Amino acid sequence: AAAAADTVVTPPQQLPPFDHKPAPYNGPSADEVFAKRKTFLGPSLFHYYQKPLNIVEGKMQYLYDDSGRRYIDAFAGIVTVSCGHCHPEILNAITEQSKLLQHATTIYLNHTIGDFAEALASKMPGNLKVVYFVNSGSEANELAMMMARLYTGSLDMISLRNAYHGGSSSTLGLTALNTWKYPIPEGHVHHVMNPDPYRGVFGADAASYAKDVQDHIDYGTSGKVAGFIAETIQGVGGTVELAPGYLKLIYDIVHKAGGVCIADEVQTGFGRTGSHYWGFETQGVIPDIVTMAKGIGNGLPLGAVVTTPEIASVMAQKIQFNTFGGNPVCSAGGLAVLRVLDKEKRQAHSAEVGSHLLERLRVLEQRHEIIGNVRGRGLMVGVEMVTDRKDKTPAKAETAVVFEKLRELGVLVGKGGIHGNVFRIKPPMCFTKDDADFLVDALDYSLSKL
Ligand code: PLP
């Protein structure tokens, strides 16, 4: 696992300079916070460090712990803080709206929800013009699945193995990661082969994976399906890009079987991939329904489903109501997010900093045998660790050690993939080349210490 024998790797010394002084912290200690969490927040803790990390403040791409120590946040609250922690313009929009009206429900008129829906629709291609606001990605996918079923009159959904589409009971049915599977009734979902160019049995051969989808429809359904759902780059599953050309083939197959195609843009939307505003554009397709959350609100609880007027018309059969969906504070915040992303050219920035990061990681890949695969687009990057490049044996234990070491050095990344052996690097989109350099140097040093 070590770097080439003649290479001496030194740890990076100082985080890139940043002009912010965190407020003095007088709250409970990390151990006290952790004890309360263990008692009152259930046993399902994950992604925490061996020594609890008590985060008390965030500013742009940085987080501060209870001692005032600064960290590079390379995970953005699970790919959620798109513009930066406590971004001043978003903070201002939320604050001003909060002073006027925090909530009144959508049964009255208030212009914020319409303004936000209009701005969001203007970002969509084709006839994707009707917006439904919800509070999370799971809710967005629940609603999308219900729309697909109502519109087609069929129940069968197709999703990919290794996908994560949410933690609610129906979206857990779409999810196909064993770490998230509970023994609850989930019906009418067909999990097809994952078109993963690195680990998939057909490599990057999109046509062979498409044959598997066609077989599922032919042998596992009446021949008619409700819909197909996929992330365009799988997030929780370990930053897995789908084989090039895959979605085009599948969208054709699914449309021929009477189904609708849903793009889950919960992680990939809003310019994160750098090359495109929406992840589905990287595969040259236009979905029938798009779901989004996370980055849409920079941390506010907000999600949305966007579809065509024709598909939306099926929702007129009954009332579709969500108490908080389109809440004025979230709408004002979401509108500010769209504005900031444009004004600060975050998509172009993601492309530029993302390619710099990938370039540097690929150099590291050549020097550290334990890096099996570096992949991603823009600021959605994955580094997969293996103990053996030929067999691709997951280096789970080593990943956990490096994860801790990175934190010691001041870098917080995500960890994921079905084997828990992928570093997920998805920072707020204001992350700079200097941050990327620090991160790569820290990773280099941590790997050299294995
Ligand atoms: N879809 C994707 C691609 C996700 O990554 C997630 C969450 O990680 C969800 C849906 C569910 O979103 P939420 O946690 O907001 O319910």
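What counts, and where the lines are drawn
Residues numbered from 1 in each chain as written. Predicted model: local features only at pLDDT ≥ 70, side-chain atom pairs only at ≥ 80, totals over all residues. UniProt positions renumbered as here; feature names shortened; annotations may be inferred. Helix = DSSP H or I, 4+ residues; strand = E, 2+ residues; numbered from the N terminus. Rg over C-alpha atoms; globule rule 2.2 N^0.38 Å. Contact = placed C-beta atoms within 7 Å. Buried ≥ 20, exposed ≤ 12 C-beta atoms within 10 Å, placed from the backbone. Near = placed C-beta within 6 Å. Nonpolar A, V, L, I, M, F, W, Y, C, P; charged D, E, K, R; others polar.

The name recorded for the protein in an unreviewed UniProt entry is alanine--glyoxylate transaminase, from Vigna radiata var. radiata. UniProt lists a comment for the protein under the heading Sequence similarities (unreviewed entry), and it reads "Belongs to the class-III pyridoxal-phosphate-dependent aminotransferase family." The UniProt entry for the protein carries this comment under Catalytic activity (unreviewed entry): "glyoxylate + L-alanine = glycine + pyruvate".

Along its length, the protein carries 13 helices and 18 strands. Its C-alpha atoms give the protein a radius of gyration of 22 Å, within 12% of the compact-globule value 22 Å for 450 residues. Expressed along its principal axes, the backbone C-alpha trace of the protein runs to roughly 65 × 60 × 45 Å. Across the protein, the fraction of contacts at a sequence separation of at least 24, relative to all contacts at a separation of at least 6, is 75%.

Structurally, the position occupied by Val-305 is in strand β12 (residues 303–307). According to the C-beta neighbour criterion, Val-305 is buried, with 28 such atoms within 10 Å. A sequence separation of 140 residues divides Val-305 from His-165, and the C-alpha atoms of the two residues are 13 Å apart. Excluding residues within four positions of it along the chain, Val-305 makes contact with Tyr-132, Val-134, Ala-140, Leu-143, Ala-144, Ile-289 and Thr-291.

In the vicinity of the ligand, 16 residues are found, and the nearest of them are Ser-136, Gly-137, Ser-138, Gly-166 and Val-266. Among the elements that take part in the shell around the ligand, helix α5 (residues 137–152) stands out by supplying 3 residues, more than any other. Class assignment of the residues belonging to the shell around the ligand gives a composition of 5 nonpolar, 9 polar and 2 charged.

This part takes up unusual backbone geometry. Notably, His-188 is not glycine yet its phi reads approximately 60°, a positive angle. Within the chain, Thr-239 stands out as a residue other than glycine whose phi angle is a positive 50°. Mapped onto the fold, Thr-239 is located in the loop between β8 (233–234) and β9 (240–241).

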